[in-house]
Amino acid sequence: MAIITPERDLEESLITKLRDLKYEYRPDIRDRATLEANFREKFEALNRVTLTDGEFQRLHDEIVTPDVYGASRSLRNREAFIRDDGTPLNYTLVNIKDWCKNAFEVVNQLRINTDNSHHRYDIMLLINGVPVVQIELKTLGISPRRAMEQIVDYKNEPGNGYTKTLLCFVQLFIVTNRTDTWYFANNNPRHFAFDADERFLPIYQFAAEDNTKITYLDDFADRFLAKCTLGQMISKYMVLIASEQKLLMMRPYQIYAVKAIVDCIDQNCGNGYVWHTTGSGKTLTSFKASTLLKTNESIHKCLFVVDRKDLDRQTREEFNRFQENCVEENTNTAALVRRLQSDDYADKVIVTTIQKLGLALDENSKHNKQNIAQGRSTFKQRLDQLRDKRMVFIFDECHRSQFGENHKAIKEFFPNSQLFGFTGTPIFEDNATVKQIEGDVATLRTTEDLFQKELHAYTITHAIEDRNVLRFHVDYYKPKDASALKPGQTLTKQAVAQAILDKHDAATGGRRFNALMATASINDAIEYYEVVKKLQAGRQAADPEFVPLKIAAVFSPPAEGNPDVRQIQEDLPQEKEDNRHDPEAKKTALKAIIADYNQRYGTNHDINNFDLYYQDVQQRIKDQQFPNRDLPRKGQEKIDITIVVDMLLTGFDAKFLNTLYVDKNLKYHGLVQAFSRTNRVLNATKPYGHILDFRDQQDNVDAAIALFSGAQADRAREIWLVDKAPVVIEKFQKAFADLGEFMKSHGLEAKPDQVNNLRGDDARAQFINGFKEVQRLQTQLDQYTDLTDEQRQQIEQTLPKDDLRAFRGVYLETAQRLKEQQGAPGKDGEPIGPDVDQLDFEFVLFASAVIDYDYIMKLIAKYSGQDPKKVQISREQLIGLIQSDAKFLDEREEITEYVRSLKEGERLDEAAIRAGYEQFKAEKQAKEIADLAQAHGLTTESLAAFVDTILQRMIFDGEQLTDLMEPLGLGWRERRERELALMADLVPLLNKRAHGRDISGLNAYEHGGTR
């Protein structure tokens, strides 16, 4: 257990440490006035200017902005200010040429008073008088997300110091309890909020080059807060994303890779490759490397080389996302050659495909032959002037097309070039397939053959340990009568499709997520598409309530001279080969698949514009996150399973894709790439990436893990793969037993109805943590597709479904009560206990993918129409279902009361149920307003109008509150007391009716605050 250090001691020891690192300690800076006076002094010295008081006030008002992105840009740029005499002053806030030469200061207990905020900040680090880093000190165990949430909360308070003072320049927040240290970037509210799905902002722990964590505060200060290092972190390794107006901090491994490439170029010491696993943000790393090289005068050009047209577009968009218009579009090879010849600074960094580069250097290409025939110079001749220039080539996914002739051509044509490759899955001797023949000797080509040395490694093992990607659950499917299969014999497509239909809902958490199905050939994909279609039609006929899965298929058509398709197929060896045989039949089948797709989704794709169809399929897979009613495009629905051959198995990212069905042989890098489509991190409802393998490929999986696990091969299996079902069941049983022991220690039974008898908030907080662990393990088990009947029984016996539902209901009730207290003063104005303050509720674990508003309305209609003698669902079961789901937190009382008001056997249809509920809710809400109005001496009409205006605009206006109270004719003191009493009753009602959305300006009244 960590030793608890009092906050004051922690503060003093950190200040001592920072003084050792040559920061100047400024105990005199304690408020807004002294902060601004110090900034003015530093600003005038840096820019060699003396401002009048009026000028300084104008400058201050110009630079202080609530826009974090805007403030961050001006911190890094040269800006202009017009002085009183009309002359311009070009200035910088800090020394942007050499950040090490700035003044670095530390201040503590800074109190910033603004209209509504009286916040005190533990420690601030100033660079040239500008506050850029805020450090929050905690004495107890940190829940990093909870610590972050607290900062988000007080940053969003109206009138906070971040919008109206120099604190608008804060770039980084650091939270530490000495043993554990976390940091994250500041942002505008849009990127600095906790959404309903509990997908959190990136939060980091620092690490060494070998990925060892550096979390102890003194070590972190040495490695991260040293003056020049901090200057670099902010100036070089934070990325401002223009298109999203967002600040992004690079992860430690990205920083080390960029440094390694830049050092290698500075020292001109050959080529190298970076092994960063799939899903680790290679594009950002390569972008940063490219842009840092833009300022390197010893380099003539930097080319970022991708393969395939879609990657060219995707990478260019991604680069331009990081910095507007930093990369031009090369529509064709001629445009690429023109940009290579250009001396324009804008053309120094170029994104292009390996194919275009290859055509430019190929004397025998069709284009070059035409040029020769017409007496024009070839591309290669035009590029001749660049032969001796220093060129840098950075290859994305360097294990793909570059093993061919293009790589050799580049090396021969540009002898002064340096080549760098990024790969998630390097080619070693074990998984190499390309042979290089020299004389009579054939050797296999590996990543090292091509790029000489590994510059930095961040393997999938590291990424799983850092929770940057998820582990895998691999289910090697065995049919019940497995003995009927002869050795080497595969399952029939019918059997595989049946198994997928049976297991899909469990694998995807009740269709919360979607799946890919990898097949061995185009013919197999076509056949599977038909088999699933027939099976689903059969199931629907047998059971009218069966909701068919939405199935799509995507594979490339025969190229037939189409350059786009030809380019797509460069990296699709199986599809390229398949399309050589009976191309007409494949075209006919793809046309029929696209026709089905058009009919389902109301689109009008065709085989001649295959790329548009392909993009649409990708977008739908990504749009899984939206409920159907919220989809961004009208007429758009999601896809449950996409059948593929080679496509989408590399380079495709979608957080809501969690399952891969495999009926093709996969090995080494192909296997890791395919599996990695499923393991993007989302939230607690997605515990792992799920693989259902129908070819019994356990040996291949083990071999791939051994090859790609990096330095930790001995522990790789336990890191990559989730525990087997029996182990998780045992953990589940223990978690529930622990909950029982806890209840017993309070003299209570482990029953849902006993939780309300717990005394004190600390006991309730312990229940929240205990039951959350039970639910987390239940969520994992719900998605295991390989549970036996016996195992299912074990789970049910441990915690029967009805009890689980009741526990979920009481969890939500307790959590809501405690959530309201977080940030509020406790009894006698004392702060609430740390146990409650640090609670992280993870409501997302308690929201079912299946149960939504529509589902509940259907169920109520079903309940009202059933014969009282043949009850299928009881009133209490229905209420339990509603109360156990986090989606209904704000409406649980209303829906429950409505269900209680219905008569059994009334036989109302769904439309009548919906209308009845809306009327019931309106009457209840009107009564609430009438009661409140009466209690506070107001008219019902005026209070209703006041509440409606707030909810329509989602803004609370203090002046309208004054107008509301005006008719009471009160003196100012009594009016203020009556306003506060009214708002104490009104705030919970407004928050409930806002359904989780923020009402601007209401914070001032929450927790009994004052205006």
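All figures in this text were calculated on a predicted structure; none of them were measured in a lab.

The rules behind these values
- Residues numbered from 1 in each chain as written.
- Predicted model: local features only at pLDDT ≥ 70, side-chain atom pairs only at ≥ 80, totals over all residues.
- Heavy atoms only, no water.
- Core = buried A, V, L, I, M, F, W, Y, C linked by side-chain atoms within 4.5 Å.
- Buried < 20%, exposed > 50% of the residue type's maximum accessible area, 1.4 Å probe, protein only.
- Helix = DSSP H or I, 4+ residues; strand = E, 2+ residues; numbered from the N terminus.
- Contact = heavy atoms within 4.5 Å.
- Polar contact = N/O pair within 3.5 Å; in protein donor to acceptor, adjacent residues only side chain to side chain.
- Phe/Tyr/Trp six-rings, centres within 6.5 Å; stacked < 30°, edge-to-face > 60°.
- Lys NZ or Arg CZ within 6 Å of the ring centre and 35° of its normal.
- Pairing = 2+ DSSP bridges.
- Axes fitted to C-alpha atoms, helices over the stretch in contact; angles between N-to-C directions.
- Disulfide = S-S within 2.5 Å.
- Parallel < 35°, antiparallel > 145°, perpendicular 65-115°, else oblique.
- Left-handed = near helix turned anticlockwise from the far one by under 90°.
- Salt bridge = Lys/Arg side-chain N within 4 Å of Asp/Glu carboxyl O.

A.B. asks: Please give an account of the nonpolar core that cites residues and values.
C.D. replies: Formed by 109 residues in total, the largest nonpolar core has its most connected members in Leu125, Phe224 and Leu225. In terms of residue count, the dominant contributor to this core is helix 9 (residues 252–266) (9 residues). Setting aside residues no more than four positions away along its own chain, Leu125 makes contact with Leu18, Tyr23, Glu105, Val106, Val130, Pro131, Val132, Val133, Ile135, Leu225 and Leu230. Of all hydrophobic cores here, the second largest spans 105 residues; its members include Met391, Leu491, Ile593 and Leu649.

A.B. asks: Could you give an account of the side chain of Asn186, naming the residues involved and the relevant values?
C.D. replies: Considering the arrangement of structural elements, one finds Asn186 in the loop between strand 8 (181–185) and helix 7 (217–225). Classification of Asn186 as buried rests on a relative accessible area of 1%. Here the side chain of Asn186 touches Val170 through a polar contact of 2.9 Å, landing on its backbone oxygen. If near-sequence neighbours (up to four positions away) are discounted, Asn186 is found in contact with Val68, Lys155, Val170, Gln171, Phe173, Phe192 and Leu247.

A.B. asks: Please set out the packing of aromatic side chains residue by residue, giving values where relevant.
C.D. replies: Here the structure, examined in full by the defined rule, presents 38 aromatic pairs. Ring geometry for Tyr121 and Tyr162: centres 5.8 Å apart, planes at 85 degrees, overall edge-to-face. In this pair, Tyr121 is assigned in strand 5 (residues 118–127) and Tyr162 in helix 6 (residues 161–164), connecting sequence segments 41 residues apart. Grouping aromatic residues by their ring pairs yields a cluster made of Tyr183, Tyr204, Phe206, Phe220, Phe224 and Tyr256. For Lys493, the ring lying beneath its charged end belongs to Tyr528, and the centroid distance is 5.6 Å. One Lys or Arg, Arg620, reaches over the ring of Tyr601 and ends 4.0 Å from the middle of that ring.

A.B. asks: I'd like a description of the sheet that holds strand 22 (residues 641–644), backed by residues and values.
C.D. replies: As summarised here, the arrangement of the 6 strands in space is 19-24-23-20-22-21, forming an open sheet in which the pairing is parallel. Only two strands of the sheet have a single partner each, and these edge strands are strand 19 (472–476) and strand 21 (551–554). Sheet twist, expressed as the average angle between the axes of neighbouring strands with direction ignored, equals 20 degrees. In this fold helix 24 (residues 610–622) packs onto strand 20 (514–519), strand 21, strand 22 and strand 23 (657–663), with an angle of close to 135 degrees to the strand it touches most, strand 21.

A.B. asks: Which residues make up the state of the cysteines, and what values do they have?
C.D. replies: Scanning all chains against the criterion turns up 1 disulfide. Note that Cys100 is cross-linked by a disulfide to Cys228, the S-S spacing being 2.1 Å. Taken together, the residues span a long stretch of sequence, with Cys100 in the loop between strand 3 (88–91) and strand 4 (104–113) and Cys228 in helix 8 (residues 227–235) at a distance of 128 residues. On the basis of relative accessibility, which here comes to 33%, the residue Cys100 falls in the partly exposed class. When its relative accessible area of 38% is taken as the criterion, Cys228 is described as partly exposed. Cys269 carries a free sulfur, and the closest cysteine sulfur to it, the one in Cys264, is 3.6 Å from it.

A.B. asks: A description of the packing of helix 36 (residues 910–935) against helix 37 (residues 940–953) should follow, citing residues and the corresponding values.
C.D. replies: Where helix 36 meets helix 37, the axes come as close as 9 Å, and the angle between the chain directions of the two elements is 120 degrees. Taken as axis vectors, helix 36 and helix 37 run oblique relative to one another. At the point where helix 36 passes helix 37, the crossing takes the right-handed sense. Residues Ile929, Ala930, Leu932 and Ala933 of helix 36 lie in contact with helix 37, whose contacting residues are Thr940, Leu943, Ala944 and Val947.

A.B. asks: Could you give me a rundown of the pattern of salt bridges, with the residues and numbers involved?
C.D. replies: Enumeration over the complete set of coordinates arrives at 49 salt bridges. Its salt-bridge partner being Asp98, residue Lys101 comes within 3.8 Å of it at the nearest N-O pair. The class for Asp98 is partly exposed, based on a relative accessible area of 27%. For Glu918, the salt bridge goes to Lys921, with nearest N and O atoms at 4.0 Å. Of this pair, Glu918 and Lys921 both sit in helix 36, 3 residues apart, roughly one helical turn. Overall, the relative accessible area of 14% leaves Lys921 in the buried class. Three or more residues joined by partner-sharing salt bridges are found here, namely Arg26, Asp28, Lys42 and Glu105.

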